[in-house]
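Here is how the chains run, residue by residue.
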Amino acid sequence: MEEILSLEGETDSIPPNSAQYQETIVNGNPPMPGAAQNPTSTGSDGPDSDCESGSDSDSEDEVEQNLQLQTLEAELSSNPCNYEAHVQYIRLLRKMGAIEKLRLAREAMSELFPLTPTMWQEWAKDEASIGTGPEAVHAIEKIYQRGVLDYLSVSLWCEYLSFVLKSEEMVRDCSSADISKARNLFESALTAAGLHVAEGMKIWEAYRDFEQTIFQTIDPSDIQAKEKQIQRIRTIFHRQLSVPLVNMRSTLQAYSAWEMEQRNDLAVESSDLDGVPSHIASAYQRALEGYNARVHLEEQILRQDMSESEKLQQYMIYLKFEQSSGDPARVQVLYERAIADFPLSSDLWLDYTRYLDKTFKGGKIVREVYCRATKNCPWVGELWVRYLLCLERGNASEKELASVFGKSLQCTFSTIDEYLDLFLTRVDGLRRRLLFTTEVEDVLNYSLIRETFQNASDYLLQHLKNTDGLVHLHGYWARLELSLGTDLVAARGVWESLLRICGSMLEAWQGYIAMEIELGHINEARSLYKRCYSKRFPGTGSEDICRSWLRFERQFGTLEDFDHAVQKVTPRLEELQLFRLQQESKSIVERENPLKKDAREKRKPGSDIIKEQSPAKRQKNAAQNLKKLYGKDKAEDSNLVMPNKVKEINAKVEKENSRIEQQMKDAMTGKAKVYKDQCTAFISNINLKANCEDLRNFFSDVGGVHDIRILHDKFTGKSRGLAYVDFSDEAHLAAAVAKNKQMLLGKRLSIARSNPRKSRKDLSGHDSQMEHVDAANQIDAIGGSALNASVGTSKEASRAPQYANRRRGNVDIEITGKNTFAVPRNVKPLGWSANKPETEGDEKPKSNDEFRKMFIKK
């Protein structure tokens with residue numbers, strides 16, 4: 001038995017495959033603490049010289065070791081998770097013989113990392129060398145118990161069994177309690193490694209030898225005790241012969257020889273299998289067939305000439321074979337063998353735990369495997385998530401769950417989504433136990449859920465801004481605030497905090513609105529629609545929220561509410577459709593002229609000249625370019641344009657032209673929308689990045705803001721730095737004008753009272769022209785849209801003279817504003833002729849109003 005359990009000189013078969021976890025196995029026995037030998041010199045200087053030389057060498061080594069020790073202690077103090085530093089620190093302390101420090105270092109490392117079987121063996125040997133009392137024996141047994149749980153190691157199990165048998169001396173004393181303890185330990189070893197095809201036979205043989213030694217100590221006169229012990233040994237033989245292991249034939253021969261020693265006549269009930277009883281022979285035959293089916297797989301995973309990836313692949317093939325055989329115990333042992341060789345393979349751990357969850361449905365075994373998995377691969381968030389679920393299935397306490405969750409947050413995961421999944425799993429568990437557990441712990445209450453949500457929001461905010469994950473987190477939070485916390489104010493606060501962060505996300509607004517509608521708060525939902533319908537969302541989000549408001553009013557609102565929504569939404573939808581049309585036209589132009597686009601991008605100095613042009617000049621140039629592109633050069637570039645896309649654009653342009661004509665008719669009949677300017681302030685020199693919300697906040701101390709209109713360029717859609725702000729009464733307007741020359745977003749605003757009638761009397765005044773940009777926007781919109789319409793067919797070109805006539809005063813349209821393309825150029829007074837020279841007494845040129853009245857008089 002001692003020969004079987006003696007494994008001195010064997011190297012452990014479970015080296016981790018990571019460079020960080022790889023431990024160097026030193027040949028021979030390492031120096032024991034306190035047993036360091038001084039080097040001796042073989043020189044010719046005599047004994048005194050040898051002693052002095054050895055003393056100097058020892059002193060230098062001690063200084064070097066102390067420096068190295070300080071360096072490692074500093075490293076571990078700053079970085080406790082440095083695995084290699086732990087290994088070197090333990091080796092150095094072991095070499096120096098610092099027992100107390102060595103024990104503390106090993107405990108600290110085992111708290112963070114699993115130790116290799118070799119490290120556990122060294123630990124047990126070191127403790128055995130310094131203590132032999134009962135307390136020391138008990139402490140060493142605890143070390144072995146902890147060691148066999150980290151990785152599967154037959155050699156460590158054999159050392160554990162050997163130590164217990166030698167320390168207890170139970171075989172010699174025949175103490176029933178000690179013998180029972182040893183038998184239980186052997187059964188645990190068989191459960192862990194008895195199915196190990198390559199090395200499991202060592203434990204079986206040790207178990208048989210132990211029982212045979214007990215048999216030899218029984219009094220020969222005690223026939224009953226001897227028969228009972230013989231049956232126990234026979235049972236062990238039968239169990240071993242039914243398991244596929246190496247050297248099965250030698251085991252069968254040993255069994256036959258043992259039965260002959262017991263003087264059993266097996267000829268009466270025997271088969272042709274070496275005189276073994278038929279039921280034993282059939283079990284042996286099945287086991288032998290199983291071994292023959294696995295022997296080639298065993299050879300593949302034990303080969304030394306293959307790479308780690310190839311070896312892992314062979315393990316996976318072997319595992320699939322065992323799973324198809326349907327024996328969970330054999331599958332688990334093979335997983336443990338693979339884990340021992342590849343402790344840092346996250347895929348292997350995930351596959352292992354997934355199999356255990358499916359097969360055992362929780363329990364102590366699964367929980368222990370998850371604990372080991374998270375110690376070996378702490379950077380895998382999915383392992384922590386499934387660990388929490390396993391604890392919940394096993395009805396773990398809140399203290400244990402909170403401890404595991406806290407440890408998981410200290411790890412570094414590869415993606416931020418893993419942290420989100422971890423927080424959500426924690427909240428899920430708390431919610432389920434609060435709602436569906438009959439016996440709720442005292443420490444469980446909704447404040448834990450709220451605290452978890454708040455921590456998740458604080459932790460993930462910077463990483464998940466404007467993502468669906470953050471919206472989902474806050475939506476879940478708000479829902480639980482209502483269902484478990486019964487706090488509507490808190491639920492709305494959750495959504496409002498999200499909108500401050502992700503206000504440009506359509507999903508955030510939709511989730512908030514959906515909650516209010518679900519609660520039946522129609523007015524609150526309508527207020528949210530009014531807040532967000534004018535915002536710009538990615539993709540088609542702006543159109544979607546507008547249409548969603550209309551559907552909402554159809555289902556929940558009155559007719560007045562629906563009409564109000566239509567009044568608000570329709571101009572917004574038209575603006576978005578026109579902008580989309582311009583973007584599509586622009587994309588087609590860029591696709592047709594890629595070379596010109598590249599040239600424009602390279603000509604950076606020229607871009608400054610374009611920026612200095614007036615809006616009217618840019619519109620004129622753009623119209624000429626588009627007309628040239630789709631007019632004269634259309635035939636030349638026809639091969640570059642997609643026919644279907646052009647037809648689609650032309651159809652949209654025709655539709656837009658019809659709308660433009662209707663706007664002009666409305667302008668001629670006085671039906672065009674004109675803002676009331678009695679309580680309106682005109683704002684200029686606005687930062688181009690400012691929006692309506694910024695202006696509203698700027699006038700928040702004044703109050704009374706009724707409407708804000710920022711003027712945008714018709715082609716680029718960018719702000720022109722001008723705006724009109726309508727106030728409810730004269731007092732608020734006066735207070736707003738008093739804020740003239742104050743700063744907003746780094747620019748000093750110019751605020752004045754809007755007075756459009758003044759410019760109608762004096763078109764030549766530059767200041768008054770700036771006061772009437774809003775009225776000019778009606779003509780600008782018509783002109784700009786007509787300019788876009790020139791992208792269509794040649795039919796639009798024929799309408800140009802008609803538009804020109806209307807711009808020259810044949811239609812009753814009041815022309816105001818700084819856009820002067822509609823003002824008559826070089827208008828001479830009536831009666832002027834080229835032959836008549838100009839004199840000072842000539843009639844004074846008539847004003848625009850007089851000139852217009854002469855044309856419209858009947």
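- In the annotation of an unreviewed UniProt entry, the entry for the protein reads RRM domain-containing protein, and the organism field reads Carya illinoinensis.
- Here is the UniProt Subcellular location (unreviewed entry) comment for the protein, exactly as written: "Nucleus".

**Some points on the overall build of the protein**
Then comes step 1: Scanning the protein from N- to C-terminus turns up 39 helices and six strands.
Then comes step 2: Buried positions account for 42% of the 858 residues belonging to the protein.
Then comes step 3: Long-range pairs, those at least 24 residues apart, make up 63% of the contacts in the protein with a sequence separation of at least 6.
Then comes step 4: When the accessible surface of the protein is totalled, it reaches about 47400 Å², and 51% of it is carbon and sulfur.

**Observations regarding helix H11 (residues 223-241)**
Then comes step 1: Given a rise of 1.5 Å per residue, 19 residues ought to cover 27 Å, and the 27 Å separating the end C-alpha atoms of H11 matches this to within 8%.
Then comes step 2: Those residues of H11 not exposed but buried are Lys226, Gln229, Ile230, Ile233, Arg234, Ile236, Phe237, His238, Gln240 and Leu241.
Then comes step 3: Residues of H11 that are buried sit in contact with helix H9 (176-193), helix H10 (200-217), helix H12 (248-261) and helix H13 (278-301).

**Structural notes on the nonpolar core**
Then comes step 1: Of all hydrophobic cores here, the largest spans 104 residues; its most connected members are Trp349, Phe453 and Ile545.
Then comes step 2: In this structure, Leu115, Trp120, Ala124 and Leu156 belong to the second largest nonpolar core, which totals 52 residues.

**Structural notes on unusual backbone geometry**
Then comes step 1: Although it is not a glycine, Asn685 sits at a positive phi angle of roughly 60°.
Then comes step 2: Among the structural elements, Asn685 can be located in the loop between strand E1 (680-684) and helix H32 (692-698).
Then comes step 3: Residue Asn685 is classed as partly exposed on the basis of its relative accessible area of 36%.
Then comes step 4: The backbone of Leu745 shows a phi angle near 55°, a positive value even though the residue is not glycine.
Then comes step 5: Along the polypeptide, Leu745 turns up in the loop between strand E4 (743-744) and strand E5 (747-748).

**Remarks on the pattern of salt bridges**
Then comes step 1: Applying the stated criterion to the full structure yields 33 salt bridges.
Then comes step 2: Here Arg526 makes a salt bridge to Glu553, at a shortest N to O gap of 2.7 Å. One end of the pair, Arg526, is in helix H25 (residues 522-532); the other, Glu553, is in helix H26 (residues 541-556), with 27 residues separating them in the sequence.
Then comes step 3: The exposure class of Arg526 is buried, given its relative accessible area of 9%.

**Concerning the sheet that holds E1**
Then comes step 1: If you trace the four strands from one edge of the open sheet to the other, you get E2-E3-E1-E6, paired in antiparallel fashion. Either end of the sheet is taken by a strand with one partner, and the two such strands are strand E2 (705-712) and strand E6 (750-753). Looking at each pair of strands side by side, their axes are set apart by 20° on average, direction ignored.
Then comes step 2: Against the sheet, helix H33 (residues 730-737) touches E1, strand E3 (719-727) and E6, its axis set at about 150° to E6.

What counts as what
Residues numbered from 1 in each chain as written. Predicted model: local features only at pLDDT ≥ 70, side-chain atom pairs only at ≥ 80, totals over all residues. Heavy atoms only, no water. UniProt positions renumbered as here; feature names shortened; annotations may be inferred. Helix = DSSP H or I, 4+ residues; strand = E, 2+ residues; numbered from the N terminus. Buried < 20%, exposed > 50% of the residue type's maximum accessible area, 1.4 Å probe, protein only. Contact = heavy atoms within 4.5 Å. Areas by Shrake-Rupley, 256 points an atom, 1.4 Å probe, with all protein chains shown as cover. Expected span 1.5 Å × (residues − 1). Core = buried A, V, L, I, M, F, W, Y, C linked by side-chain atoms within 4.5 Å. Salt bridge = Lys/Arg side-chain N within 4 Å of Asp/Glu carboxyl O. Pairing = 2+ DSSP bridges. Axes fitted to C-alpha atoms, helices over the stretch in contact; angles between N-to-C directions.

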